[in-house]
Amino acid sequence: MNATPSSEPVPVNTDGILDRLAELRKADAPTHGGRVLSYVYDPGLAALDELAASAIRSVQHLNGLDPTTFTSIGVMERELLTFAGQVLHGDADVVGSVTSGGTESCTLAVKIGREDWRARNPRRAPGDRARIVIPTTAHAAFRKAAGLLDLDLDLVPVDPATGVPTAADMIARLGEDVALVVVSAPAYPHGAVDPVREVAAAASAQGIAVHVDACVGGWVLPFWEAAGGADVPDFDFRVPGVTSISADVHKYGYVPKGTSVLLVRGRDLQRHQFFSVTDWPGYPVVNATLAGSRSAGPLAAAWAVTQALGVDGYVALTRRCREATDVLAAQVDQIEGLTVLGSPDGPLLAVITDESVPEDRRVDPHLWADEVRTLGWVLQTQPGLVQSDGTRLPHTTHLTVTPVTADVVDELAGALVTAADRVRGTARPAPEQVLAHVLGTAAPGVDPHAALAVFDQADADAVWNIVRGALLDEGDGGPTVPTRLTPLLSLVEALPPHVSGRMLVEVVARISEPQSAPVEPTASAG
Ligand SMILES: *Cc1c(COP(=O)(O)O)cnc(C)c1O
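Please read these numbers as outputs of a predicted model, since none were measured by experiment.

Within the protein chain, the regular secondary structure consists of 17 helices and 17 strands. In summary, the protein chain has a C-alpha radius of gyration of 25 Å against a globular reference of 24 Å for 526 residues, a match within 12%. Taken along its principal axes, the extent of the C-alpha atoms in the protein chain is 80 × 70 × 55 Å. In the protein chain, which comprises 526 residues, the proportion classed as buried is 49%. Taking contacts inside the protein chain between residues at least 6 apart in sequence as the whole, the part at least 24 apart equals 72%. Carbon together with sulfur atoms contributes 55% to the accessible area of the protein chain, which is approximately 25,300 Å² in total. Side-chain charges of the protein chain comprise 39 positive and 64 negative groups, with the mean position of each set lying 3 Å from the other.

Take the nonpolar core next. Counting 67 residues, the largest nonpolar core has V212, W219, F235 and Y252 as the members making the most contacts within it. For this core, the leading source of residues is helix α9 (residues 297–334), giving eleven residues. Ignoring any residue separated from it by four or fewer positions in sequence, one finds Y252 in contact with Y41, V216, W219, V220, Y314, C321, P347, L348, T400, V401 and T402. Core analysis: the second largest hydrophobic core is formed by 27 residues, A369, L399, V409 and L416 among them.

Surveying the vicinity of the ligand reveals the residues G101, G102, T103, H139, Y188, D213, C215, V216, D248, H250 and K251. Interatomic distance of 2.5 Å between a side-chain N/O atom of T103 and an oxygen atom of the ligand. A distance of 3.1 Å is found between an oxygen atom of the ligand and a side-chain nitrogen or oxygen belonging to K251. For the ligand, whose accessible area on its own is 380 Å², the fraction buried by protein is 85%. A breakdown of the residues in the shell around the ligand according to their chemical character gives three nonpolar, five polar and three charged.

For the pair α9 and helix α11 (residues 409–423), interaxial distance at closest approach is 10 Å and the crossing angle is 20 degrees. Relative to α11, the element α9 is oriented roughly parallel. Our pair here, α9 against α11, has a crossing hand that is right-handed. Residue-level contacts link A324, V327, L328, Q331 and V332 of α9 to V409, L412, A413, L416 and V417 of α11.

A few words on the side chain of H250. Topologically, H250 is positioned in the loop between β6 (244–247) and β7 (260–265). Exposure remark for H250: the relative accessible area of 10% places this residue in the buried category. Among residues more than four places away in sequence, those in contact with H250 are Y41, S100, G101, G102, V255, P256, K257, G258 and T259.

Moving on to the pattern of salt bridges. Summed over the entire model, instances satisfying the criterion amount to 27 salt bridges. For E23, the salt bridge is made with K26, and the minimal N-O distance between the two is 3.2 Å. With a shortest N-O distance of 2.6 Å, R131 and D154 are connected by a salt bridge. Taken together, the positions of R131 in strand β2 (residues 131–135) and D154 in strand β3 (residues 152–156) put the pair 23 residues apart, joining distant regions of the chain. A residue is classified by how much of its surface remains accessible, and R131, at 16% relative accessible area, is buried. One salt-bridge network, in which partners are shared between bridges, spans R131, D154, R173 and D177.

With that settled, consider the sheet that holds β3. Two strands in a sheet stick together by hydrogen bonds in their backbones, pointing the same way (parallel) or opposite ways (antiparallel). If you walk across this open sheet you meet the seven strands as β1-β7-β6-β5-β4-β2-β3, and the pairing is mixed. Both outer strands of the open sheet, β1 (94–99) and β3, are each paired with one neighbouring strand and no more. Ignoring strand direction, the axes of neighbouring strands in this sheet form an average angle of 20 degrees. Bridge analysis of β2 against β3 gives five bridges, and the strand direction is parallel. The residue of β3 that forms the bridge with V133 is D154.

Another point: helix α10 (residues 365–374). Across the ten residues of α10, eight count as buried, placing the element largely inside the fold. For α10, the set of buried residues is P365, H366, L367, W368, A369, D370, E371 and V372. Just past α10, the residue G376 takes up positive phi, approximately 100 degrees.

Okay, the state of the cysteines next. Counted according to the given criterion, the structure contains zero disulfides. Its sulfur unpaired, C106 is 3.9 Å from the next cysteine sulfur, which belongs to C215. With a relative accessible area of 1%, C106 lands in the buried category. With a relative accessible area of 6%, C215 lands in the buried category.

Before going further, it helps to examine helix α4 (residues 102–120). Over its 19 residues, α4 runs 27 Å from end to end, which matches the ideal 27 Å to within 8%, given 1.5 Å per residue. In terms of burial, α4 is largely enclosed, as 15 of its 19 residues are buried.

Rules of the game
Starting afresh in each chain, residues are numbered from 1 along the sequence in its written order. The model is predicted, so local features are restricted to residues of pLDDT at least 70 and side-chain atom pairs to those at 80 or more, both for listing and for counting; the totals for chains, interfaces and linings are taken over all residues. Excluding hydrogens and water, the side-chain values take into account all heavy atoms of the structure. Secondary structure elements are defined from DSSP: runs of H or I of at least 4 residues count as helices, runs of E of at least 2 residues count as strands, and each element is numbered from the N terminus. The globule rule used for comparison is 2.2 Å times the number of residues to the exponent 0.38, while the radius of gyration itself is calculated over C-alpha atoms. Working definition: with a 1.4 Å probe on protein chains only, accessible area under 20% of the residue-type maximum means buried, over 50% means exposed, and in between means partly exposed. By definition, residues are in contact when any of their heavy atoms lie within 4.5 Å. The protein chains shown are the only cover counted for residues, whose accessible areas, like all others here, come from Shrake-Rupley with a 1.4 Å probe. Residues scored as charged are limited to Lys and Arg (positive) and Asp and Glu (negative), so that His and the chain ends carry no count. For this purpose, a charge sits on NZ of Lys, CZ of Arg, CG of Asp or CD of Glu. The definition of a nonpolar core used throughout is a set of buried Ala, Val, Leu, Ile, Met, Phe, Trp, Tyr and Cys residues joined through side-chain atoms within 4.5 Å. If even one non-hydrogen atom of a residue comes within 4 Å of a molecule or strand, that residue is called near it. We define a polar contact as two N or O atoms separated by no more than 3.5 Å, with the added condition that, inside protein, one atom must be a possible hydrogen donor and the other a possible acceptor, whereas residues neighbouring each other in sequence contribute only through side-chain atom pairs. Gly is put with the polar residues, along with every residue not named as nonpolar or charged; the nonpolar set is Ala, Val, Leu, Ile, Met, Phe, Trp, Tyr, Cys and Pro, and the charged set is Asp, Glu, Lys and Arg. Every angle, taken between N-to-C directions, lies between 0 and 180 degrees, and every axis is a line fitted to C-alpha atoms, over only the stretch in contact when it is a helix. Working definition: roughly parallel below 35 degrees, roughly antiparallel above 145 degrees, roughly perpendicular at 65 to 115 degrees, and oblique for all remaining angles. Put simply, a crossing is left-handed when the front helix is turned counterclockwise from the back one by less than a right angle, and right-handed when it is turned clockwise. Every case where a carboxyl oxygen of Asp or Glu lies within 4 Å of a side-chain nitrogen of Lys or Arg is listed as a salt bridge. Strand pairing requires that DSSP identify at least two bridges connecting the strands. Here, a disulfide means two cysteine sulfur atoms that sit within 2.5 Å of each other. Residue count minus one, scaled by 1.5 Å, sets the expected span of a helix.

Quick look at the structure:
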């Protein structure tokens, strides 16, 4: 009845909020300066940070859901895709979309493969299943996508010495039930490019879609040779048979997180990616990607930064990556007891024990990484893995080299040497030993194999108690992930994956559990 709007003021209190955030941010690993050699890709150019921040601010209230209402979005997306298409040598048949990141690009590539397979096999029986063929080293995102899209995973072992599969092994897996073949440029764990040309030729002869996962390489390998690097094997749209490529702008494109591109050869193939609904009572929905409403911020930042850098900017930044990579790879190979795995094709390195030296001169890559960390640098430990053919991929330590690494490369190289000197001749605890310790805590006095069965019955709280007691450090504010990760990684290696997976889920899930009772609004004039 009463149409007069309430004049009651809305209680808003901004005091101290940003101070608190600044306080929280102090505990984060540094995003700039080259101290963290994974996750962050720092070009070392403050002007780009400013540009990206202003671009995000200027679009902060747009909704990326609907480019017909917010037309700037369509223009920025088109221009970013045009640039990506040029970089990856697409012609007029190559179209694409901007996604939120590599995982989304890869998931959409798998969806395209699935719908394409269904279209190619109209008379399949209801129970017929399709596979995706991927090397063991393909990013975990493909395993996630296969799970989400209910496809079988066919993992092709790679050569443990180089980290790449043979083309023949990949091609041998092709068949009528294959929805998609994936090759990487490069694969994240070891940094080498898969045999794209041979695999794409064989797959396309059978009408099978081929996705090149250049999430990490797509904005650096195209500039590698111009930046003075060695030749990179062909992986882009110049290779016949390649049907899609993912390239994360938020990695070597040097833009804030939230942007990747998925380029697809052929409009009809790409249309399999879309979702549309016109028979519900709300607005007609057409989504190219997985999200509905979405921020235009990451797109605007990516558009602005790529415009500002252009090809010349990327070549110059790639040169810095390349020079720092050369220095670090040479340094690692000079350290007695360590060596670089295979021959990486870009700025990613995996470091392993050099088994050609006597045992008491060897350096374990995980103990080494933990030691490097005490000197102020964060390297990434990666577990070993027994592949389906029985070969074992060694446990490694990964370095993602970025332009800013060049500014600190001598100091870093020195830390790599010092850390190796400290742990040379020391073996990490055997994975089985760590396992026995954890199981001993989980089920004292029980035979280790029987103890593993504990996990089959355990609920979330029981798993948490095991993890917390056996693996985490107990601090004032509760349990924290230890700074020395060697035992954790050993455990991951020794446990069956479904068990280690559950344990790590418990660690991550507990981080952001809500802590207090529901908030009651304070009673006010009603
Ligand atoms: C990072 C990466 C992905 C996944 O990308 P996100 O942006 O982390 O989701 C996929 N493939 C490769 C090769 C990657 O390096």
